[in-house]
Amino acid sequence: MARVAFPPALTVLIPSLPRQAEVSMEACTLHAFIDSMEARWPGVALRLRGSPTLIREHIRIFVDGQQATLDHIVQPHSVVRILTAVSGG
Amino acid sequence: MAVRVLVLVGTKSGSFILESDAARTSWELRGPYCATWPIHHMVYDRANGALLAGGGNAWFGPAVWRSKDLGMTWSQSGEGFSYGAEGPEIKTVWHLAAAHGAVYAGVDPAGLFRSDDGGVTWSHVAGLRAHPSSPHWVPGAGGLILHSIATDPTDPARMWIAISSAGTFATTDGGATWEPRNRGVRAEFMPDRYPEVGQCVHKLLQAADGAQLYQQNHCGVYRSADGGMQWEEITEGLPSDFGFPLALHPHDPNTLYTIPLNGAEQGRYVPNATMVVWRSRDRGDSWTPLTAGLPAKDAYIGVLREAMAVDTLDQAGIYFGTSNGQLYGSANEGDNWQVLAANLPAIWSVETVVLEG
C-alpha cells in the first residue's frame with residue numbers, strides 16, 4: 001500500500017478527499033498515480049496538474065522524501081506527500 | 001410582489017453578498033464564500049437560477065464556483081480549463097457572461113471558454129487564440145487577461161471580447177473566427193498610436209439597446225455605434241483619460257458612468273484624492289460629477305475594472321467597490337451615495353441581481 005497525504009486546502013475544495021489515504025497499486029509513474037487518484041476522487045488531477053504534462057507551479061509533490069516530477073516512479077510502498085508551496089500563499 | 005436586490009461582490013479573499021429590498025436603504029451582508037478564494041467576477045445565470053463566481057487560486061488554478069441557493073451552499077469545477085499539452089497553464093478566471101443558454105468565461109492567459117451545462121464543464125473557444133495576432137498579445141499590469149465579454153441580445157453568434165492589452169475582437173460566427181475592432185482607439189504606449197491590435201482596453205460594455213458599445217481604455221473613454229468598426233473618443237469633460245470601471249444604465253442606452261483615476265504612473269487613485277463618479281446622459285457628449293455622500297478629500301482610492309455595476313430597478317441603483325474594501329451604493333442613479341460595507345477585502349468585482357416573488 002502506498003500512502004498519500006493531501007494538503008488541507010485541497011480537502012476543502014474536494015469534500016470527498018481525505019487528509020490521508022492508502023492506495024493499492026503497482027509501481028507506476030507519478031502521472032499514472034495521479035490518474036488513479038482522479039478515478040477515486042474526481043477533480044483531484046485538475047488541481048495538481050496545470051497542463052497534461054506539468055505539475056502546477058505552486059504545488060509540490062514529494063515521493064519518499066524527494067521532490068518529484070510527473071515521470072518519477074511511485075513504488076507500491078511509497079509515501080507520497082502533496083503540499084501547497086509557500087510561494088503560492 | 002416582494003423584490004430582493006442582491007449585490008454580488010468578488011474580493012481578493014472570497015465572495016460576499018449584500019441583500020436589500022427595493023428601497024435599498026438597509027443592507028445585510030453575508031459571506032465570505034468560495035473558500036475565501038480570490039474571486040474576479042460573480043454573476044447570476046437566470047437560465048439555471050444559479051450564482052456563478054469565477055476566480056483562481058495560486059495553488060490549484062482556475063475555478064467557477066456555483067450556488068443554486070443564492071449563496072448558501074457552493075460547489076466548484078475547473079474541468080476543461082486547459083490549452084492542452086503545448087499551451088500555457090491557465091491561472092485564473094477573470095470574467096463570466098451568461099447568454100443564450102451558454103456561459104462564457106474569460107481567463108488568464110487570455111482565452112475564451114464556453115460551458116453548455118451551467119458552468120460545470122468548459123470547452124475552449126479556440127478560434128480567438130488562433131487569430132494571427134495572438135503571439136504578439138502582451139500582458140497589462142493585471143496580466144494577459146480576457147476581462148470583458150459582450151454578447152448580442154438577439155444574435156447568439158455575435159459577440160465582442162476585450163483583452164488587456166490586445167484590444168477588442170468581434171465574432172459573428174459563434175467564435176470560430178474573430179476580427180480586431182480597435183479603429184480610432186489610441187495606444188499612447190506604442191510606437192504607432194493607432195495599431196490594428198495592442199490597445200489596452202480596461203472595460204468593454206454593450207448598451208441596453210444592443211446598438212451601442214462603450215469602453216474605458218488605458219487611453220480614454222470611447223463609444224461605437226457600428227459594432228466597434230469605428231470608435232469615437234468621449235473623454236472630453238473628464239479629469240483624466242485613465243480609469244478602469246464603466247457602467248451602463250439598464251434602461252437608457254445614452255446614460256453611462258465612469259470613475260477616472262489620476263493616471264497609470266501616478267498611483268492610480270481618484271484625482272486630487274477626491275472620490276467622484278462621473279455620469280453622462282448623452283452618450284458621453286458631456287459629463288456631470290456626482291459627489292454627494294462620497295469622500296471629498298484624502299481619498300487614496302482605486303476602483304478596479306469589474307468593480308462598478310447597476311441594478312435593473314426603474315430608478316437604477318449604482319454600486320462600486322474600492323481596492324480599500326469599501327462598497328458604495330446609490331439608490332437614485334448616482335445622485336446620493338452611502339457606504340454599504342466598509343471593511344471588506346480588496347474588491348475586484350461588483351454585479352447585481354434583482355429577484356421578484
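Placed above this text is the structure.
Residues numbered from 1 in each chain as written. Chains lettered and ligands numbered in written order. Predicted model: local features only at pLDDT ≥ 70, side-chain atom pairs only at ≥ 80, totals over all residues. Heavy atoms only, no water.

Visitor: How should I be thinking about the overall build of chain A in this particular structure?
Guide: Secondary structure summary: chain A contains three helices and nine strands in total. Moving toward the C terminus, one meets the helices and strands of chain A in the order β-α-β-β-α-α-β-β-β-β-β-β. A compact globule built from 89 residues would reach a C-alpha radius of gyration of about 12 Å, and chain A, at 12 Å, matches this within 12%. The C-alpha extent of chain A, read off along each of the three principal axes, is 30 × 25 × 25 Å. Counting the 89 residues in chain A, one finds 46% classified as buried. At a minimum sequence separation of 6, the contacts of chain A that also span at least 24 residues come to 47%. Carbon and sulfur atoms form 54% of the exposed surface of chain A, whose accessible area is close to 4,500 Å². Where the 8 positive side-chain charges of chain A centre and where its 7 negative ones centre are 9 Å apart. (Helix = DSSP H or I, 4+ residues; strand = E, 2+ residues; numbered from the N terminus. Rg over C-alpha atoms; globule rule 2.2 N^0.38 Å. Buried < 20%, exposed > 50% of the residue type's maximum accessible area, 1.4 Å probe, protein only. Contact = heavy atoms within 4.5 Å. Areas by Shrake-Rupley, 256 points an atom, 1.4 Å probe, with all protein chains shown as cover. Lys, Arg positive; Asp, Glu negative; His and termini not counted. Charge placed at Lys NZ, Arg CZ, Asp CG, Glu CD.)

Visitor: Sorry, what's going on with the sheet that holds strand E4 (residues 39–45) of chain B here?
Guide: Sheet strands line up and pair through hydrogen bonds in the backbone, either parallel or antiparallel. All names here are of chain B. If you trace the four strands from one edge of the open sheet to the other, you get E4-E5-E6-E7, paired in antiparallel fashion. Edge strands, defined here as strands with exactly one partner in the open sheet, are E4 and strand E7 (75–77). Averaged over neighbouring strand pairs, the angle between their axes works out to 25° when direction is ignored. Across six bridges, the pairing between E4 and strand E5 (residues 50–57) is antiparallel. Among the inter-strand pairings, Ile39 is bridged to a residue of E5, identified as Gly55. (Pairing = 2+ DSSP bridges. Axes fitted to C-alpha atoms, helices over the stretch in contact; angles between N-to-C directions.)

Visitor: Can you help me understand the sheet that holds strand E13 (residues 159–164) of chain B in this one?
Guide: Residues and elements named next belong to chain B. One open sheet accounts for four strands, arranged E12-E13-E14-E15; its pairing is antiparallel. The open sheet terminates on both sides in strands that have one partner only, identified here as strand E12 (145–151) and strand E15 (179–180). As judged from the five bridges shared by E13 and strand E14 (residues 167–171), these two strands associate in the antiparallel manner. Of the residues in E14, the one forming a bridge with Met159 is Thr171.

Visitor: Would you explain the environment of Trp37(B) in this entry?
Guide: By the secondary structure assignment, Trp37(B) is in the loop between strand E3 (28–33) and E4. Classification of Trp37(B) as buried rests on a relative accessible area of 4%.

Visitor: Got a minute to help me understand the interface of chain B and chain A in this structure?
Guide: Each partner contributes to the interface: chain B provides 18 residues, whereas chain A provides 20 residues. Interface area for chain B against chain A, summed over the two sides, is near 1,500 Å², with a carbon-plus-sulfur share of 60%. The largest share of the area that chain B buries against chain A comes from Trp59(B), Phe60(B) and Glu89(B), three residues that together contribute 53% of it. Taken together, the links from chain B to chain A amount to one salt bridge. Here chain B is connected to chain A by seven residue pairs in polar contact (both at pLDDT 80 or more). Within the residue set of the side of chain B that touches chain A, elements represented by two or more residues are strand E6 (61–67) and E7 of chain B. (Buried area = accessible area lost by both parts, 1.4 Å probe. Salt bridge = Lys/Arg side-chain N within 4 Å of Asp/Glu carboxyl O. Polar contact = N/O pair within 3.5 Å; in protein donor to acceptor, adjacent residues only side chain to side chain.)

Visitor: What am I meant to see in the packing of aromatic side chains here?
Guide: Each pair of aromatic rings is reported with the distance of its centres and the angle of its planes. Residues and elements named next belong to chain B. Within the structure shown, the criterion is met by 13 aromatic pairs over all chains. With centroids separated by 5.0 Å and ring planes inclined at 20°, the aromatic side chains of Phe81 and Trp122 adopt a geometry described as stacked. Residue Phe81 is found in the loop between E7 and strand E8 (92–99), and its partner Trp122 is found in the loop between strand E10 (111–115) and strand E11 (123–124); the two are separated by 41 residues along the sequence. Pairing Phe242 with Phe244 gives two aromatic rings, centres 5.3 Å apart and planes at 85°, and the pair type is edge-to-face. Residue Phe242 is classed as buried on the basis of its relative accessible area, which comes to 2%. (Phe/Tyr/Trp six-rings, centres within 6.5 Å; stacked < 30°, edge-to-face > 60°.)

Visitor: What's the story with the pairing of E6(B) in this structure? I'm lost.
Guide: Two faces make up the sheet, and in a regular strand the side chains alternate between them. All names here are of chain B. For E6, a buried count of seven out of seven residues is recorded, marking the element as mostly surrounded by other parts of the structure. Pairing between E5 and E6: seven bridges, direction antiparallel. Of the residues in E6, the one forming a bridge with Asn57 is Gly61. Joining the antiparallel neighbours E5 and E6 is a turn of three residues.

Visitor: Quick question: what am I supposed to make of helix H2 (residues 30–40) of chain A here?
Guide: Because an α-helix completes one turn every 3.6 residues, residues spaced three or four positions apart along the sequence face the same direction. Considered for burial, the residues of H2(A) that qualify are Leu30(A), Phe33(A), Ile34(A) and Met37(A). On an axial view of H2(A), the arc spanned by its buried residues comes to 100°, and they lie on one face. (Arc of directions from axis to C-beta.)

Visitor: I would appreciate a short explanation of the pattern of salt bridges in the present structure.
Guide: Opposite charge on two side chains makes pairing possible when the charged atoms of those side chains draw close. Throughout the structure, instances matching the rule amount to 17 salt bridges over all chains. Between Asp35(A) and Arg49(A) there is a salt bridge, and its shortest N-O distance comes to 2.8 Å. You can see Asp35(A) sitting in helix H2 and its partner Arg49(A) sitting in strand E4 (residues 49–51), a full 14 residues away along the chain. Accessibility expressed as a relative area gives 36% for Asp35(A), which makes it partly exposed. A salt bridge links Asp241(B) to Arg186(B); the shortest N-O distance between them is 3.3 Å. Taken together, the residues span a long stretch of sequence, with Asp241(B) in the loop between strand E19 (232–233) and strand E20 (242–248) and Arg186(B) in the loop between E15 and strand E16 (201–206) at a distance of 55 residues.

Visitor: What should I look at first to understand the environment of Pro32(B) in this one?
Guide: Residue and element names in this part refer to chain B. With respect to the helices and strands, Pro32 occurs in strand E3. Remark: the alpha-carbon pair of Pro32 and Gly71, spanning 39 residues in sequence, is separated by 9.7 Å. Among residues more than four places away in sequence, those in contact with Pro32 are Ser13, Ser15 and Phe16.

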